[in-house]
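Here is what each chain is made of, one letter per residue.
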Amino acid sequence: MILADFQACTGIDNIAEAITLLELNNWDLVAAINGVMPQENGILQSEVSQANIYGPHNQAATAEAAVAPPATSSSSSSPPSSSSAFCPVLPSRHIVERQPRMLNFRVEYRQRTVEVVVEEGSAVGEIKHILETELQVPISQMQLKGWKSGDVSDVTVLRSLHLPKNNSLYVLTPDIAPTASTSQNSVLQESLNQNFLLVISHREAQRDYNLNFPGSRTIQEVDFIVKKNICFSNNQEPTEECADVHMVSDSEGDDFEDASEFGVDESEMFGMGSSTGCRKAALMPENSENESDALLHFTAEFSTRYGECHPVFFIGTLEAASQEAFYGKARDRKLLAIYLHNDESVLSNVFCSQMMCADSIVAYLSQNFITWAWDVTKEANKARLLTICTRHFGSVVAQTIRTYKTDQFPLLLIVMGKRTSNEVLNVIQGNTTVDELMMRLMGAMEIFSAQQQEDIKDEDEREAREMVKREQDEAYQLSLEADRKKREAQEREQAEQLRLQQIQKEADDEKEAIRLSLEHALPPEPAEEGGEPISKLRIRTPSGEFLVRRFLGSTKLQVLFDFVASKGYPWDDFKLLTTFPRRNITQLDPASSLLEAKLFPQETLFLEAKE
C-alpha cells in the first residue's frame with residue numbers, strides 16, 4: 001500500500017527505484033515524498049508513528065487523497081487547500097498551516113506589460129479574467145501563450161504545471177486589429193527595431209525551435225536561415241530540399257508579436273559555431289570507458305568550438321572532483337560546479353559562447369569553484385551520468401536531472417559539500433543572462449562562505465585540541481623516556497654492584513681458601529716444656545686483639561707469616577713489626593729462623609696495614 005501511494009504521488013514507475021527511495025527513508029511515506037519532491041511552502045510534520053498515520057482505518061483514505069488533484073480556487077484571493085499537492089493527507093492536527101505559494105506573471109501584449117500575481121492553486125482562466133480587466137480584451141478572443149508545457153486550457157490548475165515563481169507570458173489577439181497610431185511611420189520604425197520570437201515546428205523531427213529575429217528581417221531571409229539551421233541541427237546538408245518551411249502567423253493583423261529581448265546572433269540560433277556549413281563533432285565520445293579521457297576530449301572540443309577562454313574543467317572522475325572540492329582543509333574547500341551539455345538544445349551554443357566563456361564568469365568559476373563537465377547528448381552518456389550522480393549524491397539529484405527537458409539544457413549544478421552529505425544549492429538552466437548567472441553564483445558563494453566559516457572555526461578548535469593533546473602526549477613520552485633512562489641507570493648500577501659484589505665474593509672466597517690451606521699446613525703448636533727452645537709470641541692485631549702462639553725457635557719466619565695469614569692478615573697486605581726497637585719483620589728473609597730473627601724466647605709484635 002505504501003509503495004502504491006508513493007508511486008501515485010511521485011509518478012515514479014520504476015518499482016525498484018521506488019523501493020530503494022522508500023528504504024532510504026525507512027518506509028516513511030511522507031519523508032520519502034518530501035525527499036523526492038520537496039515542498040517550497042510549508043512542511044508536513046508527523047508527531048505520531050507510521051502505524052498511527054497509516055493504520056487499517058485510514059490507509060485507503062490516505063491513498064485516495066495522495067493521488068487526488070488539488071482543488072481549483074475560485075479566485076486569486078481564495079485560501080489554498082491545507083493538504084499538499086504531492087503528499088498524502090494526514091489528520092488535521094498533524095498538518096502545519098502554510099502560506100499559499102504566489103506566482104508572478106509578466107504578461108506582454110503589443111506595447112503594454114501587465115504584472116499578475118495569483119496563487120498556485122488558481123486556474124489559468126483566472127489570469128485571463130485579470131487580463132480582461134487590465135487590457136479590455138474579451139477572454140473569448142484572447143490567446144495566452146508562452147507556457148513551457150505547450151498550450152493549456154482555462155481550467156488547468158497552475159500547480160499542475162510546476163511553474164517557477166517568476167514567469168513570462170504574452171497575449172495574442174488574431175481577431176482584433178491593432179489600434180491605429182497617430183504616427184504610422186514611428187510605429188513601423190519602432191517595430192523594425194524590435195526582436196521577434198518565432199516558434200518553428202519541425203514535424204519530421206517532432207521538435208520545436210524558438211528563434212529570434214530582428215523586425216528588419218524579410219520573410220525570404222527568415223526562410224533561408226531557418227532552412228540552413230534546421231538542416232545543420234539534424235546533421236543534413238543545407239540544400240534547398242532539406243526542409244520545406246511554411247510560415248504560419250499566429251495573428252493576421254499583428255504580424256509578429258514582440259516576445260522578449262534575447263539578442264541572439266543568427267549563427268547562434270541553433271547552437272552553431274562560426275563555421276555554419278560543417279557538422280559539429282561530439283564534445284564527448286559515446287561509451288567512453290575512462291572518464292578522464294572523455295573529459296580531455298570534452299575540453300579539447302570545447303576549446304575548438306568556443307575558444308581558449310573558458311572555465312578550467314577538472315580532468316578526472318566526479319568522485320575525484322568531489323574530493324578536491326570538499327575534503328581538503330576548510331580554508332581550501334570550494335564549491336563544485338557540474339556543467340551538463342546537450343548539443344540538441346538550441347540554448348547550448350549561446351550559453352557556452354556568451355555565458356561560460358565570459359571573462360567575468362570564467363574568472364569567478366576559476367577562483368571559487370571546481371568545475372566538472374559532462375555531455376548528455378548521447379543517451380548512453382546521460383545514463384552513465386545518472387548512475388554516477390546516484391552513487392555520489394543520491395537518487396534525488398538524478399531524479400532532478402531526469403525531469404529537465406532537452407530544451408532546458410545546458411544545466412549548471414552548484415553542489416556544496418557538508419559534513420554528512422553533499423547538497424545541490426542551485427540548478428541553473430540555459431535560458432539565463434550573464435548578470436543573472438553571476439548573481440546566482442554569488443548567491444551560492446554567500447551560502448558556502450557562511451558554512452565555510454563555521455567549518456574553519458570547528459577545524460581551528462579541533463586543531464587546537466589536537467595540539468594540546470599532542471603536546472600532552474609529547475610531555476608524557478618525554479616523562480616516560482626520562483623514567484626509562486632513570487630505570488636503566490638504576491639497573492646498570494645494580495648490575496655493577498652485583499658484579500662488584502660477585503668479584504668481592506670470589507676474592508673473599510679465594511682468600512678464605514688460602515687461609516684454610518695455610519691453617520691446615522701449619523705445624524702443630526709445641527708444648528711449653530720440651531727439649532727444644534720455645535719462642536712465645538704475642539701479636540696485636542689492628543682491632544686490638546692479641547694472637548698468642550708458641551713456636552719452636554728453629555721455626556722459619558715463613559711459618560710465622562703463614563700463621564698470621566691464616567688469621568686473615570696476609571703478609572702481602574700487612575707488615576709485622578716489633579715494639580722496641582721497631583723492626584719490620586716482613587722485610588727479613590722468610591727462610592731465617594725465629595732465633596736468627598731474635599724473636600726468642602718471647603716477643604710482642606703488632607700488625608700494621610701496608611700503605
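It should be emphasised that the depicted structure is a prediction, and the values quoted were computed from it without experimental measurement. (Residues numbered from 1 in each chain as written. Predicted model: local features only at pLDDT ≥ 70, side-chain atom pairs only at ≥ 80, totals over all residues. Heavy atoms only, no water.)

**A short note on the pairing of strand S11 (residues 534–540)**
Look at any regular strand and the pattern is simple: side chains alternate between the two faces of the sheet. The following threshold applies: One requirement defines pairing of two strands: DSSP has to find at least two bridges between them. Where helices and strands are cited, they refer to DSSP runs of H or I of at least four residues and of E of at least two residues respectively, numbered from the N terminus.
Here S11 runs beside strand S12 (residues 546–552); their pairing, made up of seven bridges, is antiparallel. In the sheet register, Ser535 faces S12, and the bridge partner there is Phe551. Between S11 and S12, which follow one another and run antiparallel, lie five residues, and Gly544 among them has a positive phi close to 100°.

**Thoughts on the pairing of strand S9 (residues 411–417)**
Basically, it comes down to this: For every residue, the accessible area obtained with a 1.4 Å probe (protein chains only) is divided by the maximum for its type, and the residue is called buried under 20%, exposed over 50%, and partly exposed between those limits.
The element S9 is largely enclosed, with a buried count of seven among its seven residues. Judged by which residues are buried, S9 turns out to be covered on both faces: Leu411, Leu413, Val415 and Gly417 on one side and Leu412, Ile414 and Met416 on the other are all buried. Bridge count for strand S7 (residues 335–341) against S9 is five bridges, and the pairing is antiparallel. The partner of Leu340 across the bridge, within S9, is Leu411. The sheet contact formed by S9 and strand S10 (residues 422–428) spans six bridges and is antiparallel. Within S10, the residue paired with Leu413 across the bridge is Val427.

**Some details on helix H14 (residues 395–403)**
Applicable threshold: The contact rule is simple, with two residues in contact once any of their heavy atoms fall within 4.5 Å.
When H14 is considered as a whole, its buried residues turn out to be Ser395, Val397, Ala398, Gln399 and Ile401. Close packing links the buried residues of H14 with helix H2 (15–24), helix H3 (29–36), S7, helix H13 (379–393), S9 and S10.

**Looking at helix H16 (residues 557–566)**
The buried fraction of H16 is high, at nine of 10 residues. Residues Leu557, Val559, Leu560, Phe561, Asp562, Phe563, Val564, Ala565 and Ser566 constitute the buried set of H16. Buried residues belonging to H16 abut helix H15 (434–521), S11, S12, strand S13 (574–578) and strand S14 (602–609). Positive backbone phi, approximately 100°, marks Gly568, located one or two places after H16.

**Some words on the nonpolar core**
Note the following rule: Definition of nonpolar core: a set of buried residues of the types Ala, Val, Leu, Ile, Met, Phe, Trp, Tyr and Cys, connected through side-chain atoms within 4.5 Å.
Judged by nonpolar contacts, the single largest core of 58 residues is most densely connected at Phe302, Leu336, Trp372 and Leu441. Contact partners of Phe302, with chain neighbours within four places excluded, come to Leu283, Gly307, His310, Phe313, Tyr339, Cys352, Met356 and Cys357.

**Points about the sheet that holds S7**
Put simply, the rule is: Simply put, an axis is a line fit to the C-alpha atoms, just over the touching stretch for a helix, and the angle between two N-to-C directions goes from 0 to 180 degrees.
Within the open sheet, the four strands sit side by side as S8-S7-S9-S10. Their pairing is mixed. Strand pairing shows two members of the sheet lacking a second neighbour, strand S8 (369–375) and S10, which therefore form its edges. Shown here is a sheet whose adjacent strand axes are inclined to one another by a mean of 25°, direction ignored. The sheet strands contacting helix H12 (residues 359–368) are S7 and S8, and the helix crosses S8 at an angle near 110°.

**Some thoughts on the packing of helix H1 (residues 2–10) against H3**
The condition is simple: The cut-offs work like this: below 35 degrees is roughly parallel, past 145 is roughly antiparallel, 65 to 115 is roughly perpendicular, and the gaps in between are oblique. Should the near helix be turned counterclockwise from the far one by less than a right angle, the crossing is left-handed, whereas a clockwise turn marks it as right-handed. Polar here means any residue outside two lists: the nonpolar Ala, Val, Leu, Ile, Met, Phe, Trp, Tyr, Cys and Pro, and the charged Asp, Glu, Lys and Arg; Gly therefore counts as polar.
For the pair H1 and H3, interaxial distance at closest approach is 10 Å and the crossing angle is 25°. Considered as vectors, H1 and H3 are oriented roughly parallel to each other. Between H1 and H3 lies a crossing whose hand is right-handed. Of the residues in H3, those touching H1 at Ile2, Asp5, Phe6, Cys9 and Thr10 are Leu29, Ala32, Ile33 and Val36. Residues of the contact of H1 with H3, tallied by class, amount to seven nonpolar, one polar and one charged.

**Topic: the packing of aromatic side chains**
Operational definition: Note on aromatic contacts: the rings of Phe and Tyr and the six-membered ring of Trp form a pair at centre separations within 6.5 Å, being stacked when their planes are under 30 degrees apart, edge-to-face when over 60 apart, and tilted otherwise.
Applying the stated criterion across every chain yields a total of 14 aromatic pairs. With a centroid separation of 5.4 Å and 90° between ring planes, the pair formed by Phe298 and Phe313 is classed as edge-to-face. A residue pair is termed long-range when its members are at least 10 positions apart, and Phe298 in helix H9 (residues 291–306) and Phe313 in the loop between H9 and helix H10 (318–326) qualify at 15 residues. Taking the relative accessible area as the measure of exposure, Phe298 reaches 0% and is therefore buried. When the ring of Trp372 is compared with that of Trp374, the centres are 5.5 Å apart and the planes differ by 10°; the resulting orientation is stacked. Across the pair, Trp374 and Trp372 agree in class, each one buried. By way of ring pairs, the aromatic residues Phe298, Phe302, Tyr306, Phe313, Tyr339 and Phe351 are connected into one cluster.

**Here we look at the sheet that holds S12**
Strand order in the open sheet made by the four strands is S12-S11-S14-S13, with mixed pairing throughout. The open sheet terminates on both sides in strands that have one partner only, identified here as S12 and S13. Direction aside, neighbouring strands of the sheet carry axes that sit 30° apart on average. Contacting S11, S12, S13 and S14, H16 runs over the sheet at an angle of about 150° to S12.

**What to know about unusual backbone geometry**
Of the consecutive residues Phe409 and Pro410, the connecting peptide bond is found in the cis state with omega at 0°. Here Pro410 is to be found in the loop between H14 and S9. Backbone torsion omega between Phe600 and Pro601 reads 0°, so that peptide bond is classified as cis. Checked against the element boundaries, Pro601 lands in the loop between S13 and S14. Positive phi values are uncommon outside glycine, yet Gln136 reaches one of about 60°.

**Notes on the confidence of the model for the protein chain**
Note the threshold: Within a predicted model, pLDDT stands for the predictor's per-residue confidence, ranging from 0 to 100.
Of the residues in the protein chain, 74% have a pLDDT of 70 or more, and the chain-wide mean is 78. This model gives residues 38–97 a pLDDT under 50, and the stretch forms 87 contacts once residues within four places in sequence are excluded. In the predicted structure, residues 248–278 sits below a pLDDT of 50 and forms 71 contacts with residues beyond four places in sequence or in another chain.

**Things to note about the side chain of Asn584**
Filter applied, for reference: Counted as a polar contact is a pair of N or O atoms within 3.5 Å, where, for protein atoms, one must be capable of donating a hydrogen and the other of accepting one, and residues adjacent in sequence contribute only when both atoms are in side chains.
Structurally, Asn584 is set in the loop between S13 and S14. One polar contact links Asn584 to Thr586, side chain to side chain, over a distance of 2.4 Å. When residues no more than four places from it in sequence are discounted, the contact partners of Asn584 are Lys575, Leu576 and Leu577.

**Observations regarding the side chain of Thr541**
Structurally, the position occupied by Thr541 is in the loop between S11 and S12. Reaching out from Thr541, the side chain makes a polar contact with the side chain of Ser543 at a distance of 2.9 Å. Setting aside chain neighbours within four positions, we find Thr541 in contact with Leu547, Tyr569 and Leu607.

**Examining the pattern of salt bridges**
Quick note on the threshold: Here, a salt bridge means any Lys or Arg side-chain nitrogen found within 4 Å of an Asp or Glu carboxyl oxygen.
Inspection of every chain in the model, using the stated rule, returns 22 salt bridges. Measuring nitrogen to oxygen at the nearest pair gives 3.8 Å for the salt bridge that ties Arg305 to Glu301. Remark: Glu301 and Arg305 occur in helix H9; sequence separation between them is four residues, near one turn of the helix. The exposure class assigned to Arg305 is buried, which follows from its relative accessible area of 19%. For Glu301, a relative accessible area of 15% puts it in the buried group. One salt bridge connects Arg582 with Glu608, and the closest N-O pair in it is separated by 3.3 Å. Placement of Arg582 in the loop between S13 and S14 and of Glu608 in strand S14 is noted, with a sequence separation of 26 residues between them. With relative accessibility at 51%, the residue Arg582 sits in the exposed group. Taking the relative accessible area as the measure of exposure, Glu608 reaches 28% and is therefore partly exposed.

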